[in-house]
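So the chains spell out like this:
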Amino acid sequence: MNEKIKKVDYIFSKDCDSKDILAKAIKRDKDDFIQELINSGLRGRGGAGFPTGLKWKYAKDSQSDEKYVICNADEGEPGTFKDRVILQEVPCKVFAGMALCGHIIGAKKGYVYLRWEYVSMKEDLQNKIDEMNIEFKSINLDFSIEIRMGSGAYVCGEETALIESMEGKRGEPRNKPPFPAASGFKNKPTIINNVETLTYALMIARIGASEFKALGTEDSAGSKVFSVSGDTDKPGVYELELGMKLSDFVDEFGDGDTKAVQVGGASGFCVPRRKFNDTIIGFEGIPTGGSMMLFNSHRSMYKVLHNYLDFFNEESCAECTPCRVGCQQLIKGIEAVKSGQKAPRYLDELVKLSETMQIASKCGLGQSVSNAFKSIVDEFKEEIMY
Amino acid sequence: MINLKINNISVSVEEGTTILAAAKKINIRIPALCNHDDLCVAGNCRVCVVEQKNMKNLQASCATPVSEGMEIFTNSEKVRKARKHIIELLLSEHNADCTKCSRNGNCELQDLSSEYAVGDQQFIDLVQFHEYLIDYSSPSIIKDDSKCIRCQRCVRTCDELQKVAAIAVTKKGCEQKISTFFDKPLANVVCTNCGQCVNRCHTGALTERSYIEEVFEAIFDKDKHVVVQTAPAVRIALGEDLGLSPGVRVTGKMVRALKQLGFDSVLDTDFTADLTIMEEGKELLTRLKRAFVDGDIDIALPMTTSCSPGWVKFIEHKFPELLPNVSTSKSPQQMFGALAKTYYAQKRNLDSAKIVSVSIMPCTAKKYEANRPEMRDSGYKDVDYVLTTRELARMIKQAGIDFISLEDDKYDSFMGNSTGAAVIFGATGGVMEAAIRTVYEIVTGREVPFDSLNITPVRGMEGVRAASLKIEGCVEAWKFLEGVELNVAIAHGLTNANEVMKAVKKDKTNYHFVEVMACPGGCVGGGGQPIPTNPDIRQKRANAIYEEDMNMILRKSHENPEVIKIYEEFLEKPLGHKSHELLHTHYTERNNY
Amino acid sequence: MKGKDEIMETIQDILHIKVGETSHDNMFTLLETNDIGWSDKEPSMLINNKAYTELTSEKVTEIIKSYLNK
């Protein structure tokens, strides 16, 4: 691997015992640990990037007889598969991370919300959970974990839609506020963290904030697990330091003919070759939940865009107007421009429409459609038009 | 109190108030489609988005509570652009055949698009890419998905207000729609036909099935004798669709208008409402006697009312094991229908086959009720056509009648006379009050011990109300009721009915008699009433109902001279043989989806 | 992105069904879905929740035959 990209090994390293880390961590002062988590700069690894320590603090400070920890394993972003690999390789770390969170915020119950497409992993995970539930008891930790299966809707990765789904309702996002840390599952304070975030929280208990924060940048501390796919010779999962330049990433993973990289999946941004040098992977540049998809010059960006829009058009919960109708209009719109039924300048109207979707949609799904749409239309206008 | 600024105007409101409500307080109107005073917050349509200072994204004002120091802009450049886009998007998925639509002129989407001057659609018409089937299966409600803008008011109405959930959101993405269990036709699912969804639909996606043409055809047919009956709650709401404010009583004008429309006889459902009290009251006393005196443990108590057809269908679907509790008395509409083609025909010397019986109801479920196979006891279809308040207003407009300037007129006779007890059937608690006025007097020989006969404990808009009345000083025949505490309950809106029946099922109540109205507020808030209907409007209509009662000379059902006469001439006595034949019915267990 | 269309064609040919249809023996229903979490080993499919990855026409033919012969 080229030296400009730093590969690290926290998540997948097997030289540590999750139970030991957990046992030590729960002996610490809770506020002290939350402060350490805040100091570490860890932000949610699902894509939105909310500071994890703060989230835990809110949930801890919420007064309630019951609280919950939910591990969001509804990994549905196109091009993302790192949570699957984490759950296959180091499930106990994830579960210990959940237990740690439960201990800190005062929750006794944890749920793994596993996407339906991963149901084949359920049995193995259940066995591990059974073991861990016993381990928790052995260190006098009143915490247990259960698996809940998703039903195959992308929007259920959105935390309030996930809660609705867990409550047996249709997976549609709630109005916020209140946020789940104040009122979530069964209207009780709930922490919903991504698989990777929970694992990092446990790792920070092990290595401390300073070692973690030494990696990455000011806004994007530490490292992150990336899912690399597309036109690359090395598809797979890699844990890399945050803040790298996209050009360095492409040097490492590209096939020599990379024309664009979709950073962050369907809800992320498309970066064209001419911007590789100026693009930083992280919250100061382009953040990602992990998906890095490379396209070489044989790819039609019209098809790529159409695919993403199809995806949103199917996965929108269709509750709010901008997202439901906007997605349909964007698809029909680029088709009409391509076929000549609408003038090329109609694309400008569509870009404006996508901006409305961004600011007026109810949840992150509709709000992020414009990311891919604008970045692809802006950079590959000719491919879309002709 | 929370202090905030909206369009630079300071306002203080209570914590928990939405931005939308705070704006309303200082007379700033924010358009909102999915919002409704009867329903929970949804935040679906996004038409009500506003800009909050220092926030990148817009906020749905109907769904966002105020916070201290908030600065809101309801008409900024960003808001205007987004709102216009959203309205255009809604129109692009809406089959905008406005000139042919029954909601033309009373459509919130139409108003909004004209307000925002959404002229030539810039976006692509999406209706063409979908295959829409119009569901005509129900005799009450037509569902046309091509008009639906997915605000989900109907879904929330059916679930929250009515606990029926016959319609729900299905599928996702571009295939999302409002549908039924396995997309079955409305007629085959748990729908109670209450029409509350119709009343809350912005557009023509859910409308009542109209029979105006059929009625006009009958009127113009010289061979036919067309009788019309009008329900109590029509007279206090009809004016709203004809240019008057909510709560204005138009009984006399309505009667004159009906005569001008050409009905051969304009009669009153209130007459059979009085009759219902005689039958139902006697039925209640009989059940109490069997339970208390004969010790018959199989007697189903509490007895519930049966005049609301939405309620009847609800219990048939949801609590079939409690069907024995439902009074066997037909609703006033159906009693009227059965008598129109028997008693009335005899008295007027008419051929029953040539009588067309029409009713004007605040209700869509009445259309279904009239179509029930068991409602043919006269040998004919007892009620031929049921029109809603809204349809009557439309007929009056079509006929070019200047409604507001009409002189009052009086109902025709035989079956046109009524009492105040019948009028109050139109408000929640009214049937109970009317029943108590009569039953108490039968049992004790004295008037109910309430000021001006107004039994206020059973009135009001509380969802479930319970009251007790100690019976003292009984006449000889009813001595067994001496000292008995008569426990009654009133529920309106099927969600409340559901709660009461759950308790009844678990045997956790001490009620003897329960009044249930399917619609919130009772018939004043019926699914066939003018649109809009909301808590404020329902209250005004209910007030008008009680005013009407106070203005009547006779206010107890058993004092209605025509009622006394019909028993003498035709029916003999309450629960008598003839009554059983014509005025009572039975119920059917139905599926629970 | 990596030859899904070809795989779909192969499956449709073998089973004589189109997307959304069920084979005569009621054994297979063919549906398209969004991202099953195997983008590193595309194209991929699920049969009875089991993931098959890095498919080729030959591979998919073999897999389906193995089910048919069960």
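A. Quick look at the overall build of chain A. Looking only at helices and strands, one finds 15 helices and 9 strands in chain A. Relative to the 2.2 N^0.38 estimate, which gives 21 Å for 386 residues, the radius of gyration of chain A is 21 Å and therefore close to what a compact globule would have. The dimensions of chain A, computed from C-alpha atoms along their principal axes, are 70 × 50 × 35 Å. In chain A, which comprises 386 residues, the proportion classed as buried is 65%.

B. Region of interest: the environment of Glu 589 of chain B. Residues and elements named next belong to chain B. Relative to the helices and strands, Glu 589 is located in the segment after helix H18 (577–583). Classification of Glu 589 as exposed rests on a relative accessible area of 60%. Along the chain, Glu 589 and Lys 313 lie 276 residues apart, while their C-alpha atoms are 9.1 Å from each other. With residues near it in sequence (within four places) discarded, Glu 589 still touches Glu 316, Pro 320 and Leu 323.

C. Main features of the interface of chain B and chain A. Listed per partner, the contact involves 37 residues of chain B and 36 residues of chain A. Taken over both partners, the interface formed by chain B and chain A buries close to 2,900 Å², and the fraction arising from carbon and sulfur atoms is 54%. When the buried area of chain B at its contact with chain A is split by residue, Leu 89, Ile 124 and Lys 172 of chain B rank highest and sum to 20% of it. Run the count over chain B and chain A and you get 2 salt bridges.

D. Summary view of the pairing of strand S8 (residues 269–272) of chain A. Residue and element names in this part refer to chain A. Across 4 bridges, the pairing between strand S7 (residues 258–263) and S8 is antiparallel. By the bridge assignment for S8, Val 263 is matched with Phe 269. Between S7 and S8, which pair antiparallel one after the other, the connecting turn spans 5 residues, and Gly 264 there sits at a positive phi close to 95°.

E. Fine view of the arrangement of the chains. Contacts are most numerous, across the 2 pairs of chains in contact, for chains A and B. When C-alpha atoms are compared, chain B and chain C, though not in contact, are closest at a spacing of 13 Å.

F. Local environment of the packing of helix H1 (residues 4–15) of chain C against helix H2 (residues 57–68) of chain C. Residues and elements named next belong to chain C. Remark: H1 packs on H2, axes separated minimally by 9 Å, with the N-to-C direction vectors making an angle of 35°. Considering only the axes of H1 and H2, their crossing is right-handed. Between H1 and H2, the residues in contact are Glu 6, Ile 7, Thr 10, Ile 11, Ile 14 and Leu 15 and Ser 57, Val 60, Thr 61 and Ile 64, respectively.

G. Representation of H1 of chain C within the structure. All names here are of chain C. An ideal rise of 1.5 Å per residue puts 16 Å on 12 residues; H1 measures up with 17 Å between its terminal C-alpha atoms. For H1, the full list of buried residues reads Ile 7, Met 8, Thr 10, Ile 11 and Leu 15. Taken end-on, H1 shows its buried residues confined to a sector of 160°, consistent with a single buried face. Of the residues in H1, the exposed ones pointing more than 90 degrees away from the buried face are Asp 5, Glu 9 and Asp 13. As for H1, its buried residues are in contact with strand S1 (45–47) and H2.

H. Up close: the nonpolar core. Residues and elements named next belong to chain A. Among the nonpolar cores identified, the biggest contains 64 residues, and Leu 22, Trp 56, Phe 95, Met 98, Leu 100 and Val 112 are the most heavily contacted of them. It is helix H5 (residues 91–105) that contributes the most residues to this core, 10 residues altogether. Those residues in contact with Met 98, other than ones at most four positions away along the chain, are Val 69, Cys 71, Gly 110, Tyr 111, Val 112, Phe 143, Ile 145 and Leu 198.

I. Quick look at the interface of chain C and chain A. In this assembly, 13 residues from chain C lie in contact with 28 residues from chain A. When the two sides are added together, the surface that chain C and chain A hide from each other amounts to roughly 1,500 Å², 49% of it contributed by carbon and sulfur. Summed over the shared surface of chain C and chain A, the number is 2 salt bridges. Here Arg 84 of chain A and Asp 40 of chain C are joined by a salt bridge, their closest N and O atoms 3.8 Å apart. On inspection of chain C and its partner chain A, the count reaches 7 residue pairs in polar contact (both at pLDDT 80 or more). A class-by-class count of the residues in the side of chain C that touches chain A yields 4 nonpolar, 5 polar and 4 charged.

J. Here's a closer look at the sheet that holds strand S13 (residues 303–304) of chain B. All names here are of chain B. Judged by pairing direction, the sheet is mixed, and its 4 strands sit side by side in the order S13-S18-S17-S16 without closing on themselves. Each having just a single partner strand, S13 and strand S16 (464–470) make up the two edges of the open sheet. With 5 bridges joining them, strand S17 (residues 485–492) and strand S18 (residues 513–517) adopt parallel strand pairing. Among the inter-strand pairings, Ala 491 is bridged to a residue of S18, identified as Val 516. Its contacts with the sheet put helix H15 (residues 494–505) on S13, S16, S17 and S18, and the angle it makes with S17 is roughly 145°.

K. Looking closely at the pattern of salt bridges. Applying the stated rule across the entire model yields 80 salt bridges over all chains. Within the structure, one salt-bridge network assembled from shared partners comprises Arg 45, Lys 82, Asp 83, Glu 196 and Lys 224 of chain A.

L. Representation of a negative patch on the surface in the model. Residues and elements named next belong to chain C. A surface patch of like charges, here negative, comprises Asp 5, Glu 6, Glu 9, Asp 13, Glu 58 and Glu 62. The element contributing the most residues to the negative patch is H1, with 4 residues. Looking at the element boundaries, Asp 5 is found in helix H1. For Asp 5, a relative accessible area of 54% gives the class exposed.

M. Region of interest: the side chain of Glu 316 of chain B. Considering the arrangement of structural elements, one finds Glu 316 of chain B in helix H9 (residues 309–318). Beyond its immediate stretch of four places on either side in the chain, Glu 316 of chain B contacts Leu 323, Arg 372, Tyr 587, Thr 588, Glu 589 and Arg 590 of chain B.

N. Fine view of the sheet that holds strand S1 (residues 2–6) of chain B. Residue and element names in this part refer to chain B. Strand order across the open sheet formed by 5 strands is S2-S1-S5-S3-S4, with mixed pairing between neighbours. Each having just a single partner strand, strand S2 (9–13) and strand S4 (59–60) make up the two edges of the open sheet. Sheet analysis places S1 next to S2, joined by 5 bridges and oriented antiparallel. The residue bridging Leu 4 from the neighbouring strand is Val 11, located in S2.

Procedures and definitions
Residues numbered from 1 in each chain as written. Chains lettered and ligands numbered in written order. Predicted model: local features only at pLDDT ≥ 70, side-chain atom pairs only at ≥ 80, totals over all residues. Heavy atoms only, no water. Helix = DSSP H or I, 4+ residues; strand = E, 2+ residues; numbered from the N terminus. Rg over C-alpha atoms; globule rule 2.2 N^0.38 Å. Buried < 20%, exposed > 50% of the residue type's maximum accessible area, 1.4 Å probe, protein only. Contact = heavy atoms within 4.5 Å. Buried area = accessible area lost by both parts, 1.4 Å probe. Salt bridge = Lys/Arg side-chain N within 4 Å of Asp/Glu carboxyl O. Pairing = 2+ DSSP bridges. Axes fitted to C-alpha atoms, helices over the stretch in contact; angles between N-to-C directions. Left-handed = near helix turned anticlockwise from the far one by under 90°. Expected span 1.5 Å × (residues − 1). Arc of directions from axis to C-beta. Core = buried A, V, L, I, M, F, W, Y, C linked by side-chain atoms within 4.5 Å. Polar contact = N/O pair within 3.5 Å; in protein donor to acceptor, adjacent residues only side chain to side chain. Nonpolar A, V, L, I, M, F, W, Y, C, P; charged D, E, K, R; others polar. Patch = residues over 30% accessible without salt bridge, like charges linked within 9 Å, V, L, I, M, F, W, Y side chains within 5 Å. Areas by Shrake-Rupley, 256 points an atom, 1.4 Å probe, with all protein chains shown as cover. Lys, Arg positive; Asp, Glu negative; His and termini not counted. Charge placed at Lys NZ, Arg CZ, Asp CG, Glu CD.

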